[in-house]
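Overview (structure and organization)
Below, each chain spelled out in residue letters.
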Amino acid sequence: MNRQGKTTAITGLLILIAVLTSCAPTNQGSETTMDLQTAKGIAMALEDETAALVPSENVGDQSQLQMTYLLGCANDTLAWPGRTTVTLVGDVDAEAMIDVIASAWEQKDGVVVERRKTRQGAPRVDMTGVQGDFYSASIWAPGTELQITSFSPCFELEGGTKPGMQY
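Residues numbered from 1 in each chain as written. Predicted model: local features only at pLDDT ≥ 70, side-chain atom pairs only at ≥ 80, totals over all residues. Heavy atoms only, no water.

The strands that make up a sheet pair up through hydrogen bonds in the backbone, lying either parallel or antiparallel. As summarised here, the arrangement of the six strands in space is β1-β4-β8-β7-β6-β5, forming an open sheet in which the pairing is antiparallel. Two strands lie at the open edges of the sheet, namely β1 (59-64) and β5 (112-117), each paired on one side alone. Between one strand and the next, the sheet's axes are offset by a mean angle of 15°, whatever the strand orientation. Set on the sheet, helix α3 (residues 94-106) makes contact with β4 (81-88), β5, β6 (123-128), β7 (134-140) and β8 (145-151); between it and β6 the angle comes to about 10°. (Pairing = 2+ DSSP bridges. Helix = DSSP H or I, 4+ residues; strand = E, 2+ residues; numbered from the N terminus. Axes fitted to C-alpha atoms, helices over the stretch in contact; angles between N-to-C directions. Contact = heavy atoms within 4.5 Å.)

Laid out in C-alpha cells, this is it:
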C-alpha cells in the first residue's frame, strides 16, 4: 500500500472511531426509530449541501458514494457511511474553503464543529450532528480534492435487511 493509501486508511479508521464513540440511538425513549433510507438520506443531503459550498468555477467533477456497507452503532443500531469527492480546479485556497464549510456548519443548531488539520497539515473540519451523525470535510491529493465523509444517524434495520450487505 502506498503512503497516500495508508494515510487514507488511517484517517478513515480515526473517523470511524469518532463515529462509533459518538453515535447514539435516535428517538431514545420513543417507540419509533429512524430507518435506513431516512438516515442515508440525511447523510447524503448534508454531503450535497456541503459540496454546494464550493464555487462552481472550482468544481471539475463531483461523485457521491451511492452504496456501501453498514457500520455498527450503539445499542445494536447501524450507521450508513458515505463520501462525496469534489475534484477541484483553478486557483483554490484550501484554508478559505474549509473555513466557509466550517462557518456554514456552525450555523446549524446544536451541532459541534471542530476545525483541525490532517496529519499532512491540510485543513479539515469535523461536525457532529444533533442525532449522533458525523461529517468531515478535508482537502486531499495536495489541494486537488475536497472529500466529504459522512456517518448517518444511527438506525434500526427494517425486516429483510441484514448487516454486512451493501445499501
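Attention shifts here to the nonpolar core. Of all hydrophobic cores here, the largest spans 27 residues; its most connected members are Trp 80, Ile 101, Trp 105, Ala 137, Leu 146 and Phe 155. When residues of this core are traced back to their parent elements, those giving at least two are α2 (36-51), β4, α3, β6, β7 and β8. Leave out the neighbours within four places in its chain, and Leu 146 touches Val 54, Thr 84, Thr 85, Val 86, Leu 88, Met 97, Ile 98, Ile 101, Ala 137, Ser 138 and Ile 139. (Core = buried A, V, L, I, M, F, W, Y, C linked by side-chain atoms within 4.5 Å. Buried < 20%, exposed > 50% of the residue type's maximum accessible area, 1.4 Å probe, protein only.)

Okay, the state of the cysteines next. A complete count under the given rule lists one disulfide for this structure. Between the sulfur atoms of Cys 73 and its disulfide partner Cys 154 the distance amounts to 2.0 Å. Between Cys 73 and Cys 154, the disulfide has an S-S torsion of -60° and is therefore left-handed. With Cys 73 in the loop between β2 (71-72) and β3 (78-79) and Cys 154 in the segment after β8, the pair connects residues that are 81 residues apart, well separated along the chain. (Disulfide = S-S within 2.5 Å.)

This part covers α3. With 13 residues, α3 extends 18 Å between its outermost C-alpha atoms, agreeing within 8% with the 18 Å of an ideal straight helix rising 1.5 Å per residue. Buried positions along α3 lie against α2, β4, β5, β6, β7 and β8. Two or three places before Glu 95, at the opening of α3, Asp 93 has a side-chain oxygen 3.2 Å from that residue's backbone nitrogen. (Expected span 1.5 Å × (residues − 1). Polar contact = N/O pair within 3.5 Å; in protein donor to acceptor, adjacent residues only side chain to side chain.)

For the rest of this paragraph, the subject is the environment of Glu 156. Assignment of secondary structure puts Glu 156 in the segment after β8. On the basis of relative accessible area, Glu 156 is assigned to the partly exposed category, the value being 41%. Those residues within four positions of Glu 156 in sequence are excluded, and the remaining contacts are Thr 33, Met 34, Asp 35, Leu 36 and Thr 77.

Turning our attention to the confidence of the model for the chain. For the chain, the mean per-residue pLDDT works out to 82, and 78% of the residues sit at or above 70. In the model of the chain, helix α1 (residues 3-22) stands out as the element of lowest mean pLDDT, 41, in contrast to β4, which has the highest, 97. Across residues 1-32, confidence stays below pLDDT 50; counting only partners more than four residues off in sequence or on other chains, it has 39 contacts. (pLDDT = per-residue confidence, 0-100.)

With that settled, the discussion passes to unusual backbone geometry. Note: most peptide bonds trans; most residues except glycine with negative phi. Here Asn 75, not a glycine, exhibits a phi torsion of approximately 50°, which is positive. Structurally, Asn 75 can be placed in the loop between β2 and β3. We classify Asn 75 as exposed; its relative accessible area is 58%. Its identity is not glycine, yet Asp 76 carries a phi of approximately 60°, on the positive side. For Asp 76, the location among the structural elements is in the loop between β2 and β3.

Right, let's talk about the pattern of salt bridges for a bit. Within this structure, the stated rule accounts for seven salt bridges. In this structure, Glu 49 engages Lys 108 in a salt bridge whose closest nitrogen and oxygen atoms are separated by 2.5 Å. Taken together, the positions of Glu 49 in helix α2 and Lys 108 in the loop between α3 and β5 put the pair 59 residues apart, joining distant regions of the chain. We classify Glu 49 as partly exposed; its relative accessible area is 41%. (Salt bridge = Lys/Arg side-chain N within 4 Å of Asp/Glu carboxyl O.)

One can find Ala 96 in helix α3. Taking relative accessible area as the criterion, Ala 96 reaches 36% and is therefore assigned partly exposed. Taking the C-alpha atoms as reference, Ala 96 lies 9.1 Å from Pro 123; in sequence the two are 27 residues apart.

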